[in-house]
Amino acid sequence: MIIQTPSQNWDERVTPQKPEYIIIHYTGTRTAEEARQRFCNPDPDDSIGRISPHYMIDGEGKVFQFVEESKRAWHAGKSQWKDITDMNAASIGIEIWNTGHEFDLEDFIPAQIDALIELVSDLQTRWTIPNANILGHSDIAPGRKLDPGEKFPWRKLELNGIGLMPELLDDDSEPARQLMELPSKFYQHLAEYGYRYTQDQGVLLREFRRHFVPHALHNPDLDVETCAAILSLLNQRQPS
Ligand SMILES: [Zn+2]
């Protein structure tokens, strides 16, 4: 069941006119109620401005809807993926309540992830959204945003048919070893996959890992597993 809690923070989608992506966020708030109020506030007196996702999932797995799917919600901010700079027009935004990096970055709650899987599966079916287009806020605004963060269970989603994750390859994968010797090629592959928002390679490496190779997040160097990951993702992605 979806709880309707309409927000005034939306407008019409311009280009594209229908959602092609799903962007996952965390709220970064102490409570889900605090986030719910913020998403409904048409005139906030704080510095964040008027914001809204289409959906939010609270700590019990309850789903709240703020904006109609056909309308443009305001959750992505300044961001880019491939050549799309209006990611709000191109996507459906889902916020998951979690205190985030500013506080404790606690684990996501199984009931939240169960609800998310159900919601995203339904959205993908109804809007024909491919798995390669399920992204985190940090993917489209690397260096500016960290959510949904390295504790977000992307692999669990993938095991439920949602999103793409790298296949687990042998350490001696030859193409990955070759790529490790060619960092410029590695970053070219990240751009080919969609990463555009920043040219800072250190940031790109970190944010790519935050989503796809989280256990290597703090490795200062390019490693074979991270190289294998981008090759695997490019390989799995349906042509677009
Ligand atoms: Zn976000």
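This text follows the structure it describes.
The rules behind the values
- Residues numbered from 1 in each chain as written.
- Predicted model: local features only at pLDDT ≥ 70, side-chain atom pairs only at ≥ 80, totals over all residues.
- Buried ≥ 20, exposed ≤ 12 C-beta atoms within 10 Å, placed from the backbone.
- Helix = DSSP H or I, 4+ residues; strand = E, 2+ residues; numbered from the N terminus.
- Pairing = 2+ DSSP bridges.
- Core = buried A, V, L, I, M, F, W, Y, C linked by C-beta atoms within 7 Å.
- Domains from an automatic or database assignment.
- Contact = placed C-beta atoms within 7 Å.
- Axes fitted to C-alpha atoms, helices over the stretch in contact; angles between N-to-C directions.
- Left-handed = near helix turned anticlockwise from the far one by under 90°.
- Nonpolar A, V, L, I, M, F, W, Y, C, P; charged D, E, K, R; others polar.

A. Representation of the pairing of strand β3 (residues 21-26) in the model. Counting buried positions along β3 gives six out of six residues, so the element sits mostly inside the fold. Of the two faces of β3, the one carrying Y21, I23 and H25 and the one carrying I22, I24 and Y26 are both buried. Judged from the six bridges that link them, β3 and strand β7 (residues 91-96) form a sheet pairing that is parallel. Bridge pairing links I22 to I92 in β7. Note that β3 and strand β8 (residues 134-136) share three bridges and pair parallel. What sits directly across from I22, in β8, is I134.

B. Focus on the nonpolar core. If you look at the biggest cluster of nonpolar residues, it comprises 58 residues, and the most contacted ones within it are I22, I23, M56, I94, I96 and I140. The greatest single-element share of this core, amounting to six residues, is contributed by helix α9 (residues 224-236). Three or more residues apiece are contributed to this core by two domains, here domain 1 (2-159) and domain 2 (174-236). Contact partners of I140, with chain neighbours within four places excluded, come to I23, A76, S79, Q80, W81, M87, L135 and Y197.

C. Expanded view of the sheet that holds β7. Strand order in this open sheet of six strands is β1-β5-β4-β7-β3-β8, and the pairing throughout is mixed. Edge positions in the sheet fall to β1 (2-4) and β8, since each has one partner strand and no second. Across the sheet, the axes of successive neighbouring strands diverge by a mean angle of 25°, strand direction being ignored. The pairing of strand β4 (residues 55-57) with β7 spans three bridges and is classified as parallel. Bridge pairing in β7 links Y55 to I94.

D. Broad picture of unusual backbone geometry. Residue T15 is joined to P16 through a cis peptide bond whose omega torsion reads -5°. Relative to the helices and strands, P16 is located in the loop between β2 (10-12) and β3. In this structure, P148 follows D147 across a cis peptide bond, with omega equal to 10°. As for its position among the elements, P148 is in the loop between α4 (137-140) and α5 (154-159). With a phi close to 40°, L105 is a non-glycine residue in the positive phi region.

E. Focus on the packing of helix α7 (residues 183-193) against α9. One way to put it is that α7 packs onto α9 with a least axis distance of 10 Å and a crossing angle of 35°. The element α7 and its partner α9 pack so that their crossing is left-handed. Note on element contacts: α9 touches α7 through C227, I230, L233 and L234, opposite F186, H189, L190, E192 and Y193. Taken together, the residues that form the contact of α7 with α9 break down as seven nonpolar, one polar and one charged.

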